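# Coordinate inspection notes
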Amino acid sequence: MAARYDPREVVRLAREGKVTATKHVVRWLANHDYDVKETLVEVLSSLESAGRYVKSCVLKNDETADVYLVELEEEWYLKFWVDEDQLVVDVWSCCWDGAVH
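Residues numbered from 1 in each chain as written. Predicted model: local features only at pLDDT ≥ 70, side-chain atom pairs only at ≥ 80, totals over all residues. Heavy atoms only, no water.

### As for the environment of Gly-51
On the secondary structure map, Gly-51 appears in strand S2 (residues 51-58). Of the residues examined, Gly-51 reaches a relative accessible area of 28% and is grouped as partly exposed. Residues Gly-51 and Glu-75, 24 residues apart in the sequence, show an inter-C-alpha distance of 9.4 Å. In this structure, Gly-51 is in contact with Ser-46, Tyr-68, Leu-69 and Val-70, ignoring residues within four places of it in sequence. (Helix = DSSP H or I, 4+ residues; strand = E, 2+ residues; numbered from the N terminus. Buried < 20%, exposed > 50% of the residue type's maximum accessible area, 1.4 Å probe, protein only. Contact = heavy atoms within 4.5 Å.)

### Looking at the nonpolar core
Judged by nonpolar contacts, the single largest core of 29 residues is most densely connected at Leu-78, Phe-80 and Val-91. For this core, the secondary-structure elements that each account for two or more residues are helix H1 (7-15), helix H2 (23-31), helix H3 (36-45), strand S3 (64-71), strand S4 (75-83) and strand S5 (88-96). Broken down by element, this core gets its largest block of residues, 5 residues, from S4. Those residues in contact with Phe-80, other than ones at most four positions away along the chain, are Tyr-5, Val-10, Leu-44, Leu-47, Ala-65, Asp-66, Tyr-68, Val-89, Asp-90, Val-91 and Trp-92. (Core = buried A, V, L, I, M, F, W, Y, C linked by side-chain atoms within 4.5 Å.)

### Overview of the sheet that holds strand S1 (residues 19-21)
Strand order in the open sheet made by the 5 strands is S1-S5-S4-S3-S2, with mixed pairing throughout. The two strands at the open ends of the sheet, each matched to only one other strand, are S1 and S2. Within the sheet, the average angular offset between the axes of one strand and its neighbour, ignoring direction, is 30 degrees. H2 contacts S1, S4 and S5 of the sheet and is inclined by roughly 45 degrees relative to S5. (Pairing = 2+ DSSP bridges. Axes fitted to C-alpha atoms, helices over the stretch in contact; angles between N-to-C directions.)

### A look at unusual backbone geometry
Notably, Asp-62 is not glycine yet its phi reads approximately 70 degrees, a positive angle. Structurally, Asp-62 is set in the loop between S2 and S3. One non-glycine residue, Leu-87, lies in the positive phi region at around 50 degrees. Relative to the helices and strands, Leu-87 is located in the loop between S4 and S5. Judged by relative accessible area, which is 39%, Leu-87 ranks as partly exposed.

Right, dumping it as C-alpha cells:
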C-alpha cells in the first residue's frame, strides 16, 4: 500500500507553517520540553529525507492518515492527514517511537 499523501506536498505545507495538531500532540511535546511548532515543522519537513512510510489508517473523524517513522536524533512516530479544504497538515501523533502517549 502506498502513502495517501504526497510527502513533497506535506513538506511544503510544513515549511509554510500550515500545520495543526491535536491537543494531545501539543501536550506531549510541551511536557517533553519541545517547542511545539518548531518540532512539528522539523519532523514533517524530514519526511522525504529521513521518513519511512509504515501504513495508512482511518482516524476517528473518518479521515485517512499516513503513519511514518522519522529518524532524527530520536526515531519519531508520526501520524497525520492533509485537510485539502484548508490546505493544512493535521498531526494526530508526533512522539518518540514506542513512547507511551
